[in-house]
Amino acid sequence: MTTRPSWDEYFLRITREVAQRSTCLRRQVGAVLVMDKHILTTGYNGAPSGLPHCLEIGCLREQLKVPPGERHELCRGLHAEMNALLQASHYGIKIAGATLYTTTYPCSLCAKMLVNTGIKRIVTLTDYPDALAKEILSLANVKVEIVKLESLKRE
């Protein structure tokens with residue numbers, strides 16, 4: 001008999017699939033907003049709609065050798081979490097109380113947006129070196145879990 005993936009494993013696997021649409025040269029990130037075991041929106045990192053992608057014109061952060069977790073304003077792309085939130089806004093989808101599944105721990109810019117949109121739980125596959133993001137999410141009582149897919153229990 002085959003065991004089914006847990007809900008966390010299921011949604012985390014989907015984030016990895018979503019990340020494959022990324023046009024970022026440095027890191028492919030996928031995000032999925034979920035409420036009551038239903039996907040509300042998805043997002044991946046890349047340039048704003050209709051603008052040239054970094055795949056086509058290069059990466060300013062890479063050219064300037066900006067380390068991960070610093071100087072987010074020097075990126076022309078939107079983060080996966082931002083795109084998931086913007087998609088919800090564009091289509092009028094209520095996300096307060098939702099869970100964010102993401103391939104990478106959110107940065108401080110995304111953390112502030114997630115707090116203000118009412119996200120209560122974040123489940124991520126990998127950490128990210130942004131101490132301010134961790135502080136913001138902790139102060140806002142957003143539960144963050146960094147998990148490895150192999151460590152999740154199957155149902």
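Residues numbered from 1 in each chain as written. Predicted model: local features only at pLDDT ≥ 70, side-chain atom pairs only at ≥ 80, totals over all residues. Heavy atoms only, no water.

Colleague: Is there a simple way to think about the packing of aromatic side chains in this case?
Modeller: Here the distance between the centres and the angle between the planes together describe a pair of aromatic rings. Enumeration according to the criterion identifies four aromatic pairs in this entry. Ring centres of Phe-11 and Tyr-101 lie 5.2 Å apart, and the angle between their planes is 40°; on these two criteria the pair is classed as tilted. Remark: Tyr-101 occurs in strand β3 (residues 99–104) and Phe-11 occurs in helix α1 (residues 7–19); sequence separation between them is 90 residues. Phe-11 gets classed as buried once you look at its relative accessible area, which sits at 2%. Grouped by ring-pair contacts, the aromatic residues Trp-7, Tyr-10, Phe-11 and Tyr-101 constitute a single cluster. It is Lys-134 that lies over the ring of Tyr-105; its NZ or CZ is 4.2 Å from the centre. (Phe/Tyr/Trp six-rings, centres within 6.5 Å; stacked < 30°, edge-to-face > 60°. Helix = DSSP H or I, 4+ residues; strand = E, 2+ residues; numbered from the N terminus. Buried < 20%, exposed > 50% of the residue type's maximum accessible area, 1.4 Å probe, protein only. Lys NZ or Arg CZ within 6 Å of the ring centre and 35° of its normal.)

Colleague: Could you clarify how one ought to interpret the pairing of strand β2 (residues 38–44) in this entry?
Modeller: Taken residue by residue, a regular strand's side chains alternate between the two faces of the sheet. Pairing analysis gives six bridges linking strand β1 (residues 30–35) to β2, with the strands arranged antiparallel. Note on β2: the bridge partner recorded for Met-35 is His-38. Counting the residues in the hairpin turn of β1 and β2 gives two residues, including Asp-36, whose phi is positive at 50°. (Pairing = 2+ DSSP bridges.)

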